[in-house]
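A closer look at the structure
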Amino acid sequence: GAVVSQHPSRVICKSGTSVKIECRSLDFQATTMFWYRQFPKQSLMLMATSNEGSKATYEQGVEKDKFLINHASLTLSTLTVTSAHPEDSSFYICSARDYQIEVGGWDEQFFGPGTRLTVL
Amino acid sequence: GDSVTQMEGPVTLSEEAFLTINCTYTATGYPSLFWYVQYPGEGLQLLLKATKADDKGSNKGFEATYRKETTSFHLEKGSVQVSDSAVYFCALSTGNQFYFGTGTSLTVIP
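A brief structural summary. (Residues numbered from 1 in each chain as written. Chains lettered and ligands numbered in written order. Predicted model: local features only at pLDDT ≥ 70, side-chain atom pairs only at ≥ 80, totals over all residues. Heavy atoms only, no water.)

Concerning the overall build of chain A
- Within chain A, the secondary structure is distributed over zero helices and eleven strands.
- Relative to the 2.2 N^0.38 estimate, which gives 14 Å for 120 residues, the radius of gyration of chain A is 14 Å and therefore close to what a compact globule would have.
- Taken over the C-alpha atoms alone, chain A extends approximately 50 × 30 × 25 Å along its principal axes.
- Expressed as a percentage of its 120 residues, the buried residues of chain A come to 50%.
- A fraction of 56% describes how many contacts in chain A between residues 6 or more apart in sequence connect residues 24 or more apart.
- For chain A, the exposed area adds up to about 6,100 Å²; of that, 52% sits on carbon and sulfur atoms.
- Distance between charge centres in chain A, computed from 11 positive and 12 negative side chains, equals 10 Å. (Helix = DSSP H or I, 4+ residues; strand = E, 2+ residues; numbered from the N terminus. Rg over C-alpha atoms; globule rule 2.2 N^0.38 Å. Buried < 20%, exposed > 50% of the residue type's maximum accessible area, 1.4 Å probe, protein only. Contact = heavy atoms within 4.5 Å. Areas by Shrake-Rupley, 256 points an atom, 1.4 Å probe, with all protein chains shown as cover. Lys, Arg positive; Asp, Glu negative; His and termini not counted. Charge placed at Lys NZ, Arg CZ, Asp CG, Glu CD.)

Rendered as structure tokens:
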């Protein structure tokens, strides 16, 4: 099956620094990748949709200058948390879509293992 | 708008008990339906899916049937194991976006 990797799996940083998280589709091309944030014991919150070669589409309430997304190739999207603060501590999960059209149409997202960010 | 409503947890069961986690959805058009599982400290893994009405998804003893008439996709397993302890998310896809339920935490005790 399709595999999505994330790096790093865990990162601890000081307040005010920037952190970059990579999301890679390993065996398929992903024109669209998604970034989610998950708070403890809660569901996933979609932050933004990342399209290869174009600007990301951010969900309402997500600061685009705070969470920079770059989708430079069909297999790589990056999320940079700029000037991180303790309230940015969270579990960040990316997913990639390998779009297939069948009768009735369906698509599936493949999820990365997540990145645990802790800002001190 | 499109949405998923999932049974609230947490759910605690004894090993070999029967499991049902309810999921209902609201959607325009014909969504695909999914169940994802998240083990502690890990990302989401696809458990099963169904792409059209009356389809039954199944995997690792879990089953769910896409019921258009009741707009439901309930997850069931006949005999749970300790290793099934995890958080389960129901989700739907309309082709443009995924919508997740709030997740149901399952703990299976020996």
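Picking up where we left off.
Quick word on the interface of chain A and chain B
- Taken together, the contact between chain A and chain B spans 20 residues of the former and 20 residues of the latter.
- Summed over the shared surface of chain A and chain B, the result is zero salt bridges.
- Split by residue class, the side of chain A that touches chain B holds ten nonpolar, six polar and four charged. (Salt bridge = Lys/Arg side-chain N within 4 Å of Asp/Glu carboxyl O. Nonpolar A, V, L, I, M, F, W, Y, C, P; charged D, E, K, R; others polar.)

Side note on the pairing of strand E1 (residues 3–6) of chain B
Residue and element names in this part refer to chain B.
- Across the two faces of E1 the burial differs, with Val4 and Gln6 buried and Ser3 and Thr5 not buried at all.
- In this structure, E1 lies alongside strand E4 (residues 23–26), joined through four bridges in antiparallel fashion. Bridge pairing links Thr5 to Thr24 in E4. (Pairing = 2+ DSSP bridges.)

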